[in-house]
Amino acid sequence: MRITGVTQYHAENALDGAYRPTWIPGYPQATNEAEIIEVETDEGIVGYAASPSFAGGIEYEEQLSLFLVGKDPHDLRSIRRGLETFDLIGPRPWHVEMALWDIIGKDAGKPVYELLGGSDREIRAYASTGEHKDVDDRLAYIEERLNEGFDAVKLRLGREDIEDDLRIAHRVREEFPDLTLMADANMGWKARIIEEGRTWTFSEALRAARELDALGFEWLEEPLDRHDYAGYARLREKTDIAIAGGEFTDGVHELREMLRNDALDVVQPDCSIACALGQAKSIADEAERAGVRYTPHSWTNGLGLVANLHVAAATGARWFEYPYEPPFGPEARDFVLSSPVEHEDGAVSPPDSPGLGVEVKTENI
């Protein structure tokens, strides 16, 4: 089998209103945008991949074709070497590998999770918020998610005043004493389009970690810059709460550095932005051997979510991120798919059809 063509589509879906993602300071996001990569083969099997994008998109179809056309999609090692070169001169290419796994699975008649050694098991999903809300709005949001069957919610921190973050964390815990709670400080990276956004000092990160630990939070995510391996290790030594991160590293090397430096309790690579799909499984395996938990980041789009779900189903992941901050709900998030990935009573399972197991809604791209 050989790859015969690569086609790129810029996909855009208008949200019903706007929200302000904490990782894009000051920016009201009113669309969900993605770059969709369609990979064709000489046997008529087509695979799809997607990466998050922004207004206007990034065109790289012609350049990417140079690294893919003529290759056997099963030859992941060789193609990864080409993608490493592409990463030096162009946008991150790690999402492309999900299209190859889509092809490989369709060729074998098996879902990707099965090729990775997993099963279609249910994984508990946590409702992942995306913006800062006042306490009354956030409490109402949590009530809605509980009524839908969720039993875990991730809050976003990183307000201008850390006291406001901690005040809301305390109020949420008071109102929901038995709810599993996670917190994401979003200090690892930011898309600085309008505003710089503040970054915690080590002392602030330590204070937040200790208070959240006392409140019984499951983990504190990205309290420091993603390259501050020593800071992460030091933070882990000084607090008992699990420290999470790794969602937006660039390539598998950075993830391995985080593991090598004992920087994390929970590693969270996203196979659509941080590393390739097969590499995400390798990192999950390495993490397990090191006593580090794995649960992927999945805040991108439907294809990215599904690809990460296949990896999670082939690991011991206890939780799966379910992005859910209206108007960024399942329909808006998964607009490139024929139907959104729905949870059932707060749990998700990977599709069991061959490949990634989903149908791309081509009229949307």
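Please refer to the structure placed before this passage.
Residues numbered from 1 in each chain as written. Predicted model: local features only at pLDDT ≥ 70, side-chain atom pairs only at ≥ 80, totals over all residues. Heavy atoms only, no water.

Trainee: Describe the packing of aromatic side chains, listing the residues and the values that go with them.
Mentor: Applying the stated criterion across every chain yields a total of 11 aromatic pairs. Note on Tyr 126 and Trp 219: the rings are 5.5 Å apart at their centroids and 85 degrees apart in plane angle, and the pair reads as edge-to-face. Of this pair, Tyr 126 sits in strand 4 (residues 123-128) while Trp 219 sits in strand 7 (residues 219-221), and the two are 93 residues apart along the sequence. Classification of Tyr 126 by relative accessible area gives buried; the value is 0%. Consider the rings of Trp 189 and Phe 248, whose centres lie 4.3 Å apart with planes at 25 degrees: the pair is stacked. Linking Trp 189 in the loop between strand 6 (180-184) and helix 7 (202-214) with Phe 248 in the loop between strand 8 (242-245) and helix 9 (252-260), this pair joins segments that are 59 residues apart in sequence. Members of the aromatic cluster, each reached through a chain of ring pairs, are Tyr 19, Trp 23, Trp 299 and Phe 328. A cation sits over an aromatic face here: Arg 156 above Trp 299, 5.4 Å from the ring centre. Across from the ring centre of Phe 202, 3.9 Å away, lies the NZ or CZ of Arg 234, which sits over that ring. (Phe/Tyr/Trp six-rings, centres within 6.5 Å; stacked < 30°, edge-to-face > 60°. Helix = DSSP H or I, 4+ residues; strand = E, 2+ residues; numbered from the N terminus. Buried < 20%, exposed > 50% of the residue type's maximum accessible area, 1.4 Å probe, protein only. Lys NZ or Arg CZ within 6 Å of the ring centre and 35° of its normal.)

Trainee: Please provide a residue-by-residue account of the nonpolar core, values included.
Mentor: With 103 residues, the main nonpolar core has Leu 64, Trp 200, Phe 217, Leu 220, Leu 277 and Leu 303 as its most contacted residues. With sequence-adjacent residues up to four places away left out, Phe 217 is seen in contact with Leu 155, Ala 169, Arg 173, Leu 181, Met 182, Ala 183, Leu 212 and Ile 241. (Core = buried A, V, L, I, M, F, W, Y, C linked by side-chain atoms within 4.5 Å. Contact = heavy atoms within 4.5 Å.)

Trainee: Pulling in residues and values, what's your account of the pattern of salt bridges?
Mentor: Enumeration over the complete set of coordinates arrives at 27 salt bridges. The partner of Glu 131 in a salt bridge is Lys 133, and the shortest N-O contact between them spans 3.1 Å. Residue classification places Glu 131 among the buried positions, given a relative accessible area of 10%. Relative accessible area serves as the criterion here: at 22%, Lys 133 is assigned to the partly exposed category. Ionic pairing is found between Arg 145 and Glu 148, a salt bridge with its closest N-O pair at 2.9 Å. (Salt bridge = Lys/Arg side-chain N within 4 Å of Asp/Glu carboxyl O.)

Trainee: Lay out the pairing of strand 5 (residues 152-156) with the relevant residues and their values.
Mentor: By the criterion of burial, strand 5 is predominantly enclosed, with 5 of the 5 residues buried. Judged by which residues are buried, strand 5 turns out to be covered on both faces: Ala 152, Lys 154 and Arg 156 on one side and Val 153 and Leu 155 on the other are all buried. Two strands pair when backbone bridges link them, and strand 4 and strand 5 are joined in this way by 2 bridges, in the parallel orientation. Directly across from Ala 127, in strand 5, lies its bridge partner Val 153. A crossover connection joins strand 4 to the parallel strand 5 through helix 5 (residues 135-147); in handedness this β-α-β unit is right-handed. Both strand 5 and strand 6 contribute to a ladder of 5 bridges, which runs parallel. Following the sheet pairing, Ala 152 is matched in strand 6 by Thr 180. Regarding the hand of the β-α-β motif, the stretch spanning strand 5, helix 6 (residues 162-175) and strand 6 is right-handed. (Pairing = 2+ DSSP bridges. Right-handed = clockwise from strand over helix to strand, strands pointing away.)

So, to be careful, I would describe these as geometric facts and stop short of saying anything about function.
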